[in-house]
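An overview of the molecular structure
Single-letter residue listing:
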Amino acid sequence: MDSVLVCGVDEAGRGPLAGPVYAAAVILDKKRRINGLADSKVLTPDRREVLARRIKDRAIAWAIASATVEEIDRINIFYASMLAMRRAVQALGVRPGEAWVDGNHCPDLGCRAKAIVDGDALHPVISAASILAKTARDAEMTALHLRYPQYGFDRHKGYSTPEHLAALARLGPCDIHRRSFEPVRICFQKDLL
């Protein structure tokens, strides 16, 4: 296994009501250690940003990809997540021998792959992918906040917080809301009436 380049793969943004789903693929360099890698959900936003810069600087290869809101609504969030992961692995400048994917499903990645439940907490290579996917998605949602400031995307990143649900009920969905998600679908149908 030491001679096989292992790529960690994870996604961010399956649960939110708005915005794209992101995925990242990372091949770490064993000679350039990165301390503090962990599941992105347990890290503070500032710590994630610091680690994301280190990962990009020290990894053998890394790539970030996404699937659009339109793709999510057309093929569903599960398949859109798999698509984003596949795009991330394909965008790597180096072909991995094996991919370790967080979760219990693997997309077709063009290499050997295994799904690892809680992999982002167990394997640094998946933690690194988790951090890159989360920081990229958060940055996108903060940028989208500038176009749609009334929804508060900079604070809740599209998740179904009370603040977001109240804005959705008050304003109806905007272009980046996932119409295939139940709370958005309900508001969208109200909008049509």
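Everything discussed here concerns the structure shown above.
For the structure given in this document, a descriptive report is provided here. (Residues numbered from 1 in each chain as written. Predicted model: local features only at pLDDT ≥ 70, side-chain atom pairs only at ≥ 80, totals over all residues. Heavy atoms only, no water.)

**A closer look at the sheet that holds strand β4 (residues 98-102)**
- With mixed pairing, five strands are arranged side by side in an open sheet as β3-β2-β1-β4-β5. Unpaired on one side and paired on the other, β3 (61-67) and β5 (112-116) mark the two borders of the sheet. Strand-to-strand twist of the sheet, defined as the mean angle between neighbouring strand axes without regard to direction, takes the value 20°.
- Across five bridges, the pairing between β4 and β5 is parallel. Bridge pairing links E98 to R112 in β5.
- On the sheet, helix α5 (residues 124-147) packs against β1 (6-12), β2 (21-27), β3, β4 and β5 and is oriented at approximately 35° with respect to β1. (Pairing = 2+ DSSP bridges. Helix = DSSP H or I, 4+ residues; strand = E, 2+ residues; numbered from the N terminus. Axes fitted to C-alpha atoms, helices over the stretch in contact; angles between N-to-C directions. Contact = heavy atoms within 4.5 Å.)

**Topic: the packing of aromatic side chains**
- Scanning the entire structure with this criterion turns up two aromatic pairs.
- Centroid distance Y151 to F153: 5.5 Å. Interplanar angle 15°. Geometry classified as stacked.
- The class for F153 is buried, based on a relative accessible area of 0%. (Phe/Tyr/Trp six-rings, centres within 6.5 Å; stacked < 30°, edge-to-face > 60°. Buried < 20%, exposed > 50% of the residue type's maximum accessible area, 1.4 Å probe, protein only.)

**Concerning the pairing of β1**
- Of all seven residues that make up β1, seven are buried, and the element is covered over most of its length.
- Residues V6, G8, D10 and A12 of β1 are buried on one face, and the alternating residues C7, V9 and E11, pointing to the opposite face, are buried as well.
- In terms of strand pairing, β1 meets β4 through four bridges, oriented parallel. Bridge pairing in β4 places C7 opposite A99.
- Strand direction decides the pairing type here: β1 and β2, joined by five bridges, are antiparallel. Bridge pairing in β2 places D10 opposite A24.

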